[in-house]
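# Overview (structure and organization)
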Amino acid sequence: MTLIAYPLSGALPDIRPARATRDWIDALPEQYGYRCLPLNIASMHGWEVCSPCRVTAVWNGGTGVDAIQVTAEEAHALIPASHFGSGVLTFHVAVLFRTPPGVNLMVTGPINHPKHGIMGLSGIIETDWSPYPFTMNWKFTAPDVPVTWEKGEPYAHLMPIQRGLLESLEPEVRDLDSDPETAAQYRHWAASRSQFNADLQTPGSSAAQERWQKGYYRGKQPDGGDGPPDHEIKVRPKPFPGR
């Protein structure tokens, strides 16, 4: 299976496999955010498109196209611009992507990468057939707040998703005890979690030394049994050639 990129401006923009690290997690006490495997997997799940230079944008609160002022440290064809008005800033990705049949491409703001005063908007494109390029758009949430992307900082996250999967899922509600094995594993976890949290308050206890429960992270069932063999601790999107 291939993810093909057709550059539309002569050169491929700065696209890289999504990173596992985040500056705000690095700044947390003991970097505890990295203990959350679902968060880490989401952060790595795709590719990032990065700013070609340092650029700052500020919105004055108006609805016109001229309500956003953009300044960049250097001239570049892919500097964002105000195109739609109403506080929406547009980045031109300048790539036509082609995915395998039945695979869409979701474009959204960098995952788990918040920015004050602005938020990334999301779109899903049928890139297995579409000859139409797309843009990455951000909506300002506060006026008069300068927002900066450093050179190499991601402004878009690309994630493949299977078309039709959503409609194929049939939502159901069932009593937990209708699945005795799942019910037993959940109750085993709930009891161990309560005991672990209580033991954390005892200096020198095994819980205090372990600091956090690692069952899900390690792909283990609450009773110590093995989870699925395809459990993922990391995902490794492949880089585009030359990147």
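Let me begin by describing the structure that accompanies this report.

Reading the values: the criteria
- Residues numbered from 1 in each chain as written.
- Predicted model: local features only at pLDDT ≥ 70, side-chain atom pairs only at ≥ 80, totals over all residues.
- Heavy atoms only, no water.
- Helix = DSSP H or I, 4+ residues; strand = E, 2+ residues; numbered from the N terminus.
- Expected span 1.5 Å × (residues − 1).
- Buried < 20%, exposed > 50% of the residue type's maximum accessible area, 1.4 Å probe, protein only.
- Arc of directions from axis to C-beta.
- Contact = heavy atoms within 4.5 Å.
- Phe/Tyr/Trp six-rings, centres within 6.5 Å; stacked < 30°, edge-to-face > 60°.
- Lys NZ or Arg CZ within 6 Å of the ring centre and 35° of its normal.
- 1 Å grid on protein atoms, 1.4 Å probe; cavity = no way out; pocket = protein on both sides within 12 Å on 5 of 7 lines; lining within 4 Å.
- Points joined across faces, edges and corners; volume = space filled by probe spheres on them.
- Nonpolar A, V, L, I, M, F, W, Y, C, P; charged D, E, K, R; others polar.

### A word on helix 4 (residues 180–199)
The first and last C-alpha atoms of helix 4 sit 28 Å apart over 20 residues, in line with the 28 Å expected at 1.5 Å per residue. Among all positions of helix 4, only Ala183, Gln185 and Phe196 are buried. Viewed end-on, helix 4 has its buried residues packed into an arc of 165°, placing them on one side of the element. Exposed and oriented more than 90 degrees from the buried face of helix 4 are Pro180 and Ser194. Taken together, the buried residues of helix 4 touch helix 5 (206–210).

### Some thoughts on the packing of aromatic side chains
Under the defined criterion, the tally for this structure stands at ten aromatic pairs. Aromatic pair Trp212 and Tyr217: ring centres 5.7 Å apart, planes at 85°, arrangement edge-to-face. Its relative accessible area of 18% is what places Trp212 among the buried residues. Tyr217 sits in the partly exposed class, given a relative accessible area of 25%. Pairwise contacts between aromatic rings join Trp47, Phe97, Phe134 and Phe240 into one cluster. A cation over a ring is seen here: Lys139 above Trp59, with NZ or CZ 4.9 Å from the ring centre. Sitting above the plane of the Trp212 ring, Lys214 keeps its charged end 4.8 Å from the centroid.

### Considerations on empty space enclosed by the protein
Across all of its chains, the model carries one cavity of 30 Å³ or more by this definition. Val95, Leu96, Phe97, Ile125, Thr127, Ser130, Tyr132, Pro133 and Phe134 together form the lining of the largest cavity. Here the lining of the largest cavity takes three residues from strand 8 (residues 95–98), the largest share from any one element. Within the lining of the largest cavity, the residues separate by chemical class into seven nonpolar, two polar and no charged.

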